[in-house]
Amino acid sequence: MEIKYIEQEKTFMLSNGRISYAFSVEKNRYLMHGYFGRNIQNYRGISRPYFYDRGFCSNPIPEERTFSLDTLPQEYPDMNQGDFRSPAYVIQTEDGRRVTRFYYKNYRIIRGKPILPGLPSVYTEDDEEALTLCVELEDKTMNAGIALYYTIFRDYDAVCRHVEVINAGKQELYLERLMSMSMDFPGTGYDVLTMTGGHMNEKNLNRRPVSSDSVVAESIRGCSSPQATPGIVLMEKEAGEHSGEVWGFQFVYSGDFQAVVQAGQFKSTRVQMGMNPLTFGWNLKSGERFVCPETVLVYSGQGLNGMSHTYHSLYRKRLCRGIYRDKERPVLLNSWEAFEFHVNEEKCRTLAGEAAKLGIELFVVDDGWFKKRVDDKRALGDWTWDREKFPGGISRLAKDIRSMGMDFGIWFEPEMVSPDSDLYRSHPDWIIRSPDYEPVLSRYQYVLDLSNPEVCKYVIHSVAGLLEAADISYVKWDMNRHMTDLGSFYLDGKQQRELSHRYMLGLYYILDTLNRKFPEILFEGCSSGGGRYDAGMLYYMPQTWASDNSDAICRMKIQYGTSLFFPPVTMGAHVSVSPNLQVGRETPLAARFTIAMSGNLGYEMDFRILPEKEKETVKEQIAFYKEVREVIQKGRFYRLINPQTGNVAAWNFVSEDEQTVIYCYAQILSEAVQVNTPVKLKGLRENWNYRFLQDGSCYGGDELMYAGITAEPVKKDFISHVYIFKKEGENRK
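Reference entry: report on the structure contained in this document. Because the structure is a prediction, the values reported are computed rather than measured.

## Things to note about the overall build of the chain
- Scanning the chain from terminus to terminus reveals 12 helices and 36 strands.
- Computed over C-alpha atoms, the radius of gyration of the chain comes to 27 Å, within 12% of the 27 Å expected from 2.2 N^0.38 for 733 residues, which places it in the range of a compact globule.
- Within the chain, buried positions represent 61% of all 733 residues.
- When the accessible area of the chain is evaluated, it comes to approximately 27,600 Å², of which 48% is carbon and sulfur surface.
- Averaging the coordinates of the 87 positive side-chain charges in the chain and doing the same for the 97 negative ones gives two points 2 Å apart.

Have a look at this one:
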């Protein structure tokens, strides 16, 4: 792992022996991108572009007609100097002008990785794990600076980039657009992969060619959203799941974002990631510094799966934090689909009693436990238990659950408030709204203004009060509406464009405070399911409820897409009732389990009324999952067949010590013509033998990977199989 500056070529090069990143200083002013990919010993610039005198290309250096920023592959481009592609930043001065001249000033190399104050970010546990390059740009007229940060890791094939803007002048500056990274690739012969969807239909993979226009993935909903995910992938045309070059870009942020992939007129491709300029703006006062969230860049020469392995390992070990980063996650039962709002102490106690018999480790009370909460029209914000439903209080219920051998968890939606609540009647100015219009309701609730420190204090106090009063080990943190009426009574007129980002800073402050105050509690994120499933939230909550859609077939597709960036250990995945409450589909219990066990296993059903035969099956499922849980939660995950594009899905896990392999296969619908196509496993050792635990037979790793496994044809819909293999010595090689 090294960062070096080659003086002769004025080139910076970051390498860790597996990947390299290189860029240079051009004309002593501009940063020209050179290379990001497989490790190379040195970058001398043989691939640098030739410059030509082109029509309609501005020349910042008048005597050099061949040089134009509109043709230069840049690291952090501005506007108003002749580059008419998407700018990485736009800064406005007090007189309303947006012309800037930020030129290269100097650089420094930092051991380790700097902390981003108030923001989630990838971290290191000691300074030997990473090196960071800080390149400083300066606009002498404005007396302002831009610092570009690049971190390369010893153990992960990733580069983290973020930007800081420093106002050293006397006038106030207005940040109008600020990307955390920008990079220009040569040519346009790529595909771009994005994730789209909606509520209960998250993380659909969409691949399309880069053409003569822009692809923009974005959210202006106040969160990363189920409609879009703050991550994109640039791919070689021939790249696939297990081969070819791909470049991943993921924003470590939970609010509004914008990702841009733009084809240039001279056959270049620009990739950018940052906060969405439609809802972002920032007044940077004299002497102040603004820190932009970071983007994690990953290169893989082994296709999408290789990229995913880097993200999975990095996020699991150096983004998630706390005791649950490395601890096995518990099997839980959530009360929602059993009781919905009609929850009470006696129902919970009897349901928990049945759950304990089946091996459940964590009982969670979902929505409906707080006073006057009988439906979704009231009481959000009043976080005290309903004494009619819970006469002994949440603390007594938690104690009873503990006595049954289970942990106790609870649901909150602390960022919202109902109009029919004591909180709103006391503080109508605490919501996000314009004073000129009646605010828009969504799910009968408003969004609290977390840019206001008093509101943040209230949220911390109300949540912490209950967590201190009861023996609670798990919190499901929900967020069930998007932002409208962007306005704040707390912020002044000049700061209104800062609201979206200040909201996220307030939320991150709340979550960081609660994490520090309650380090033993497992927090799970939720936003009507996967509406805020992003890298930013994983820094505070090491798992996320992947979707409100618990139907096994839908979930198979959702979890498959989610795995592009996020490891299975971060996915909340539950076995629910059949027919399914969201889509009405009747699915075998075995299929529901196969999908749910491929993440953090939980259940959402009323065990009190479950037939005895199914109870026994559930008990066996939970016992089986506990035996293989470490492999699923800590092992390496391989996508084999994509269910979003066909009738079959397949995937396999390989344990950290490589001794255990779990292979899962699912067929959605039965077909008249049974196709016996073998599925080839991934990640095994060619020269190892693996014993198939179900019947004791042995197979070589080479056979399992190159010949594959053929599933037994069954004339039923929604069939699934789980195969377990254990290493059994080495084979003949």
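Right, picking up where we left off after that structure.
## Thoughts on the packing of helix 9 (residues 552-562) against helix 10 (residues 589-596)
- For the pair helix 9 and helix 10, interaxial distance at closest approach is 9 Å and the crossing angle is 20°. In terms of their interaxial angle, helix 9 and helix 10 are classed as roughly parallel. Seen from above, helix 9 lies across helix 10 with left-handed handedness. Contact residues: Ala-552, Arg-555, Met-556 and Gln-559 in helix 9; Ala-591, Arg-592 and Ile-595 in helix 10.
- Residue classes in the contact of helix 9 with helix 10 are distributed as four nonpolar, one polar and two charged.

## Let's talk about helix 4 (residues 393-403)
- Turning to helix 4, its buried residues number three or more, namely Gly-393, Ile-394, Leu-397, Ala-398 and Ile-401.
- Where helix 4 terminates, the next one or two residues include Gly-405, which has phi positive at roughly 90°.

## Here we look at the environment of Met-597
- Tracing the backbone through its elements, the reader meets Met-597 in the loop between helix 10 and strand 30 (600-604).
- Along the sequence, Met-597 and Ile-622 sit 25 residues apart, while their C-alpha atoms lie 9.0 Å from each other.
- With near-sequence residues (within four places) excluded, Met-597 lies in contact with Phe-624, Tyr-625, Ile-632, Ile-662, Cys-664 and Val-722.

## Observations regarding the nonpolar core
- Core analysis: the biggest nonpolar cluster contains 197 residues, and Phe-249, Trp-369, Tyr-603 and Phe-607 have the highest contact counts within it.
- If near-sequence neighbours (up to four positions away) are discounted, Tyr-603 is found in contact with Val-331, Leu-332, Leu-333, Asn-334, Ile-360, His-574, Val-575, Phe-593, Val-618, Gln-621 and Ile-622.
- Ranked by size, the runner-up nonpolar core spans 20 residues in total, among them Tyr-638, Val-648, Leu-681 and Phe-725.

## Observations concerning the pairing of strand 11 (residues 190-198)
- Counting buried residues in strand 11 gives seven out of nine residues, a clear majority hidden from the surface.
- Of the strand pairs in this sheet, strand 11 and strand 14 (residues 231-236) are connected by four bridges, and their pairing is antiparallel. Of the residues in strand 14, the one forming a bridge with Leu-193 is Val-233.
- As paired elements, strand 11 and strand 12 (residues 201-209) share seven bridges and run antiparallel to each other. Bridging across to strand 12, Leu-193 finds its partner in Arg-207.
- Connecting the antiparallel pair strand 11 and strand 12 is a turn made up of two residues, with Met-200 showing a positive phi of about 65°.

## Side note on the sheet that holds strand 36 (residues 719-730)
- The antiparallel open sheet is built from six strands, whose spatial order is 31-32-33-36-34-35. In this open sheet, the two strands that pair with only one neighbour each are strand 31 (636-641) and strand 35 (698-700). Averaged over all neighbouring strand pairs, the angle between strand axes comes to 25°, with direction disregarded.
- The pairing of strand 32 (residues 648-654) with strand 33 (residues 660-667) spans seven bridges and is antiparallel. Bridging from a neighbouring strand, Phe-653 pairs with Ile-662 of strand 33.
- Contacting strand 31, strand 32, strand 33 and strand 36, helix 11 (residues 612-634) crosses the sheet at an angle of about 100° to strand 33.

## Some points on the sheet that holds strand 29 (residues 571-576)
- Reading around the barrel, the eight strands line up as 21-22-23-26-27-28-29-30 and close back on themselves, with parallel pairing between neighbours. Each neighbouring strand pair of the sheet contributes to a mean axis angle of 30°, computed without reference to strand direction.
- Where strand 21 (residues 332-334) lies against strand 30, two bridges are found, and the strand directions are parallel. In the strand pairing of strand 30, Leu-333 is matched with Tyr-603.

## Description of the packing of helix 10 against helix 11
- Taken N-terminus to C-terminus, the directions of helix 10 and helix 11 make an angle of 25°; their axes are 11 Å apart at the nearest point. Judged on the interaxial angle alone, helix 11 and helix 10 are roughly parallel. Along this stretch, helix 10 crosses helix 11, giving a crossing that reads as right-handed. Taken together, the residues of helix 11 that come into contact with helix 10 (itself represented by Leu-589, Ala-590 and Phe-593) are Glu-614, Thr-617, Val-618, Gln-621, Phe-624 and Tyr-625.
- Here the contact of helix 10 with helix 11 is composed, by residue class, of six nonpolar, two polar and one charged.

## Some details on the packing of aromatic side chains
- If you walk through the whole model with that rule in mind, you get 49 aromatic pairs.
- Where Tyr-311 meets Tyr-315, the ring centres are 5.5 Å apart and the plane angle is 55°; that geometry is what we call tilted. Of this pair, Tyr-311 and Tyr-315 both sit in helix 1 (residues 303-318), four residues apart, which is roughly one turn of the helix. Across this residue pair, the class does not change: Tyr-311 and Tyr-315 are buried.
- When the ring of Tyr-539 is compared with that of Tyr-540, the centres are 5.0 Å apart and the planes differ by 90°; the resulting orientation is edge-to-face. Per residue, the accessibility class of Tyr-539 equals that of Tyr-540, and both read buried.
- A cation over a ring is seen here: Lys-27 above Phe-67, with NZ or CZ 5.3 Å from the ring centre.
- Here the guanidinium or amino end of Arg-555 rests over the ring plane of Trp-545, the centre of that ring lying 4.4 Å away.

Conventions and cut-offs
- Residues numbered from 1 in each chain as written.
- Predicted model: local features only at pLDDT ≥ 70, side-chain atom pairs only at ≥ 80, totals over all residues.
- Heavy atoms only, no water.
- Helix = DSSP H or I, 4+ residues; strand = E, 2+ residues; numbered from the N terminus.
- Rg over C-alpha atoms; globule rule 2.2 N^0.38 Å.
- Buried < 20%, exposed > 50% of the residue type's maximum accessible area, 1.4 Å probe, protein only.
- Areas by Shrake-Rupley, 256 points an atom, 1.4 Å probe, with all protein chains shown as cover.
- Lys, Arg positive; Asp, Glu negative; His and termini not counted.
- Charge placed at Lys NZ, Arg CZ, Asp CG, Glu CD.
- Axes fitted to C-alpha atoms, helices over the stretch in contact; angles between N-to-C directions.
- Parallel < 35°, antiparallel > 145°, perpendicular 65-115°, else oblique.
- Left-handed = near helix turned anticlockwise from the far one by under 90°.
- Contact = heavy atoms within 4.5 Å.
- Nonpolar A, V, L, I, M, F, W, Y, C, P; charged D, E, K, R; others polar.
- Core = buried A, V, L, I, M, F, W, Y, C linked by side-chain atoms within 4.5 Å.
- Pairing = 2+ DSSP bridges.
- Phe/Tyr/Trp six-rings, centres within 6.5 Å; stacked < 30°, edge-to-face > 60°.
- Lys NZ or Arg CZ within 6 Å of the ring centre and 35° of its normal.

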